[in-house]
Amino acid sequence: MGSANADALSGEELDLGDINNVWCLFEQSGTFAGEFRERGKTAFDVDIGNMFGKTDVQEDLLSALCGDDIPTASILNKVRRDDFIMAFFPCTYFTDQSQIGSRGDGSTMKGWSVERKLNNSIELMWKRAEYYNFFCNLFKYALDVGCKMVVENPYGKCNFLGQYFPVRPAVVIQDRRIFGDAYKKPTQFFFLNCKPASKLLQTVAKDTKKNPVEDSHGFDRSIISPLFAKMFVQNYFW
């Protein structure tokens, strides 16, 4: 079951009635945007890709977030204080698996020389730092706009963000299948300028026939089911 964290930044509880437009950043599946539209909201998917033909605005958001100022032409300049951002930050460098790779403990690294492991660790740390900068700039941007925002990212035992990021996740869902997703895949959600609605969770029965996430590859690992989106909004918004 999803758990709420008291360390979330303060703010009003999420209420769909108080939200104007919804911007689903780094989403191209239309999953969450579709759920918000079902609930009467104007919602946009914004991502660099359009794999499903459902991306409303194609933009390299990471490039827009690489510096202190958002480029004039960026769609991010259209977000207003009474809008809501639902972001699915695309980063594997914060995961437990990436940290294992940094230590040279990956299953494919057993035959690597110490020098090769060191060079690989340096490269991964540079990339991790680069994406951490993007991640922090996303929050700084939302603070500047003053809008409510929820950011999704994988949750793990090593939990890089839990060790270094100054914002605590407000919600951690250890098993996404309880909300109807295909995989267990623990996930954390950071809330900014808002907090989850304080109401009892509505759970969904686990589907034990689904394959473990290790059996999926590439983009399939990150896809969230429409039922999960529905249950997430139902549980954490008024």
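Please refer to the structure higher up on the page.
Residues numbered from 1 in each chain as written. Predicted model: local features only at pLDDT ≥ 70, side-chain atom pairs only at ≥ 80, totals over all residues. Heavy atoms only, no water.

**Comments concerning the packing of helix H3 (residues 96-103) against helix H4 (residues 114-145)**
So, step 1. H4 packs onto H3 with a crossing angle of 145° between their chain directions and a minimal axis gap of 7 Å. Residues Ser98, Gln99, Gly101 and Ser102 of H3 touch H4, and the partners they reach there are Asn120, Ser121, Leu124, Met125 and Arg128.
So, step 2. Of the residues assigned to the contact of H3 with H4, the class counts are 2 nonpolar, 6 polar and 1 charged. (Axes fitted to C-alpha atoms, helices over the stretch in contact; angles between N-to-C directions. Helix = DSSP H or I, 4+ residues; strand = E, 2+ residues; numbered from the N terminus. Contact = heavy atoms within 4.5 Å. Nonpolar A, V, L, I, M, F, W, Y, C, P; charged D, E, K, R; others polar.)

**Quick word on the pattern of salt bridges**
So, step 1. Tallied over the full model, the rule gives 9 salt bridges.
So, step 2. Across the pair Glu35 and Arg39 runs a salt bridge, and its minimum N-O distance is 2.6 Å.
So, step 3. Under the relative-accessibility criterion, Arg39 is labelled partly exposed at 34%.
So, step 4. Residue Lys140 is joined to Asp68 by a salt bridge in which the shortest nitrogen-to-oxygen separation is 3.7 Å. Of this pair, Lys140 sits in helix H4 while Asp68 is found in the loop between helix H2 (61-64) and strand S6 (84-88), placing the two residues 72 residues apart along the sequence.
So, step 5. By relative accessible area, which is 47% here, Lys140 ends up partly exposed.
So, step 6. When salt bridges with common partners are traced through the structure, they connect Glu35, Arg39 and Lys230 into a single cluster. (Salt bridge = Lys/Arg side-chain N within 4 Å of Asp/Glu carboxyl O. Buried < 20%, exposed > 50% of the residue type's maximum accessible area, 1.4 Å probe, protein only.)

**Describing the environment of Ser102**
So, step 1. With respect to the secondary-structure elements, Ser102 resides in helix H3.
So, step 2. Residue Ser102 is classed as buried on the basis of its relative accessible area of 14%.
So, step 3. Not counting residues within four places of it along the chain, the set of residues in contact with Ser102 comprises Ser121, Leu124, Met125 and Arg128.

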